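Residues per chain are reported as follows:
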Amino acid sequence: MTREDFDKLAANAEPELTSIPYAIFEAAADAIVITDEWGQVQAINAAAQKLFGYGFAELAGANISRLMPEAYAARHDQCLASYRAGVGRKLNGMVRELQGKRKDASLFDLHVSVGELLLGGRQLLIGVCYDISEQLQLRQRLNHLASHDTLTNCMNRRTLHARLQEHVALAAAQAQQLALVFIDLDGLKVINDNHGHYMGDQVLVAIAERFRQQLCSEDLLARVGGDEFVVVARQIAAEQTGIDLATRLFECLQAPLSIDGISLNVRASLGVSTCANCTECDSPAPDQLIIDADFAMYQAKKAGGNRIACFNPVMRIAQQREQQRLERLRLAISREQLQLYYQPQFELNAPQRITGLEALLRWHDGPYGQVSPEVFIPLAEQNGLMSALNTWVVTRACADNRALIEAGLLDVPVAVNMSGFSFMQGDFVDKLTAIVRDSGLAANRLEIEVTETAALKDIEQARLNIAQLQSLGIRVSIDDFGTGYSSPSTLRALPFDTLKIDQVFIREMPNSAIDQAIVKGYLMLADSLGIQVIAEGIETRAQLDYLLAQGCTVGQGYWYSRPLPMTELQPFILARRAEV
Ligand code: C2E
Ligand code: MG
Ligand code: MG
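- Looking at an unreviewed UniProt entry, one finds the chain named Bifunctional diguanylate cyclase/phosphodiesterase and attributed to Pseudomonas sp. Hg7Tf.
- Regarding the chain, the UniProt comment filed under Cofactor (unreviewed entry) reads as follows: "Mg(2+)".
- Of the chain, the UniProt comment under Subcellular location (unreviewed entry) reads exactly: "Cell inner membrane".

## Topic: the environment of S372
Link 1 in the chain: Assignment of secondary structure puts S372 in the loop between β15 (370–371) and α13 (373–382).
Link 2 in the chain: Between the C-alpha atoms of S372 and L361, which are 11 residues apart in sequence, the distance is 8.6 Å.
Link 3 in the chain: At 2.9 Å, the side chain of S372 and the backbone nitrogen of E374 are in polar contact.

## Focus on the site of ligand 1
Link 1 in the chain: Surrounding ligand 1, one finds 24 residues, the nearest of these being R362, N417, Q503, E539 and Y558.
Link 2 in the chain: Between Q343 and ligand 1, the recorded distance is 2.9 Å, taken from a side-chain N or O atom to a nitrogen atom.
Link 3 in the chain: Taking Q503, its side chain carries an N or O atom lying 2.8 Å from an oxygen atom of ligand 1.
Link 4 in the chain: Considering ligand 1 on its own, with 790 Å² of exposed area, one finds that the protein chains cover 86% of that surface.
Link 5 in the chain: Residue assignment for the shell around ligand 1 shows that the elements contributing at least two residues are β14 (350–364), α13, α14 (386–406), β16 (414–418) and β18 (475–481).
Link 6 in the chain: Counting residues per element, the shell around ligand 1 draws most heavily on β14, which supplies four residues.
Link 7 in the chain: Each residue belonging to the shell around ligand 1 can be placed in one class, and the counts come to 10 nonpolar, six polar and eight charged.

## Here we look at the coordination of the magnesium ion (ligand 2)
Geometry reference: four tetrahedral donors at a metal, ideal angle 109.5 degrees. Six octahedral donors, ideal angles 90 or 180 degrees.
Link 1 in the chain: Distances from the magnesium ion (ligand 2) to its protein donors, E358 (OE), N417 (OD1), E449 (OE) and D479 (OD), fall at 2.0 to 2.2 Å.
Link 2 in the chain: Motif for the magnesium ion (ligand 2), donor spacing along one chain: E-x58-N-x31-E-x29-D.
Link 3 in the chain: Between the two metal centres, the magnesium ion (ligand 2) and the magnesium ion (ligand 3), the spacing is 3.8 Å, with D479 acting as a shared donor. Taken together, the positions of E358 in strand β14 and E449 in strand β17 (residues 446–451) put the pair 91 residues apart, joining distant regions of the chain. For the pair E358 and E449, one class covers both residues: buried.

About the criteria used
- Residues numbered from 1 in each chain as written.
- Chains lettered and ligands numbered in written order.
- Predicted model: local features only at pLDDT ≥ 70, side-chain atom pairs only at ≥ 80, totals over all residues.
- Heavy atoms only, no water.
- UniProt positions renumbered as here; feature names shortened; annotations may be inferred.
- Helix = DSSP H or I, 4+ residues; strand = E, 2+ residues; numbered from the N terminus.
- Polar contact = N/O pair within 3.5 Å; in protein donor to acceptor, adjacent residues only side chain to side chain.
- Near = heavy atom within 4 Å.
- Areas by Shrake-Rupley, 256 points an atom, 1.4 Å probe, with all protein chains shown as cover.
- Nonpolar A, V, L, I, M, F, W, Y, C, P; charged D, E, K, R; others polar.
- Donors = N, O, S within 2.8 Å, 3.2 Å for Na, K, Ca; no water.
- Buried < 20%, exposed > 50% of the residue type's maximum accessible area, 1.4 Å probe, protein only.

Laid out in structure tokens, this is it:
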């Protein structure tokens, strides 16, 4: 505005206004807008003219709403009305961030601080304004960075928790279902190892994008760990269930990813939890939804991965039971409450001749009864109890066998089962030989049974362990042959002393032509490689006869004897001897 305009305003208003130094008003870098108590523009400085794009003449006497959008102006009007009535809060010092409106109707972010000027009987309001669009954008950018994962642009864990609260509340208000899917990628580590972390990062970005394409704008997508994502969706349509959502997410991963010309397959385990009807919210707390879906995802992973599991409270009960069983097993191992039973092995055409014993673990879990080793051994393995258990088994088996030999009852090797996990430990041979030495049992009176699947995990380590054991005189047999990835090449690569044909092939004998062929094949193979064969699970005379006819010489099974505790084994041996 010009000096004349300014003087006119001053003259029209109050004589005191003339004392305002015009030069300062005009030179101020921030825009200054002066209105009367009705919100009518009385003066604007040069910076304000530049900011809003108006000349003073165009604005003189106009309502402040010209410079601010309607919504704000309405509030401002109310504010002014109460101000005039003397009941509103004082405007002096009030600071606001609002939207400014330029002459060309474009909007921008505006910071305004208001001062009062009481001149005689008149109240004038001075607004000092500046454009904060860039500042706000920067602030938004910083907020985004703090709340999102920089790699995938998914929200981070902290934000997910906050937004999930809102989602649960919204779903409750609108009586909608809410589904939460926890996704854990199955093979990212392998990609990182084989192709480097840059490739791993690109995979995460691509997968986040695939997920995003399955979601609507209201759904939440978060990355909550290295290779873990969470999706939250309110079920707008009743027929859409959590499992539908999970299936969509699962299926969108099926096509291989193509990154830098390399085709990669990524699989995932997905866990789903739902908040069935959030209005009657005895449904889980938001964080519980994440915990439940995570738990279900873990079950999917445990079942082999690359699948979906839905949370159901029974799962948690089963897991609690397993946890309790684990604690009882831990206690039983430390108190040496497990038992070793021995199943004799026989020369098939001379049933009184015992050629060996197989040590088999037994655990009587108090009131819960007998637990199969096929149940408690994996439990021990998964929870770090196997080393203690192996030490106990080998020590016990060596001591019992030595007692039998020294008593002159029986002088044969005792076979001890080793899980693949234990057999592949680097210090396995050292630990085993130390126990055998301490036991005083001759090394050639011990045999180790290991399954093929275990041996195949690391052929080189297996070959080394087998050779070391054999050089000490300890025999090594391949157990359950035929149930894993059995192939003649395993037998060629690994110098086993004995091959144990699994009982599944004996069970249907002699009626199953396929099993007959398989067993014949194994016998021929072992014969050509010079490996001894033991047939497991012989239960009937017919099975025995068939095996004998095929030239199989050694076997074990209920036909001869069930596994027996030492107290029963000794009379059993004596009785067999008496038959000779
Ligand atoms: P495995 O080593 O193949 O042991 C043979 C299994 O077949 C034993 O089951 C035995 O009781 C059973 N069996 C023997 N003869 C017959 C028969 O005629 N008919 C039938 N139906 N079954 C027969 P068990 O004792 O329940 O052991 C199961 C598996 O648990 C063993 O299979 C072995 O893999 C594992 N295991 C047992 N004890 C130990 C141990 O001390 N350490 C390790 N790592 N694993 C063990
Ligand atoms: Mg065995
Ligand atoms: Mg077996």
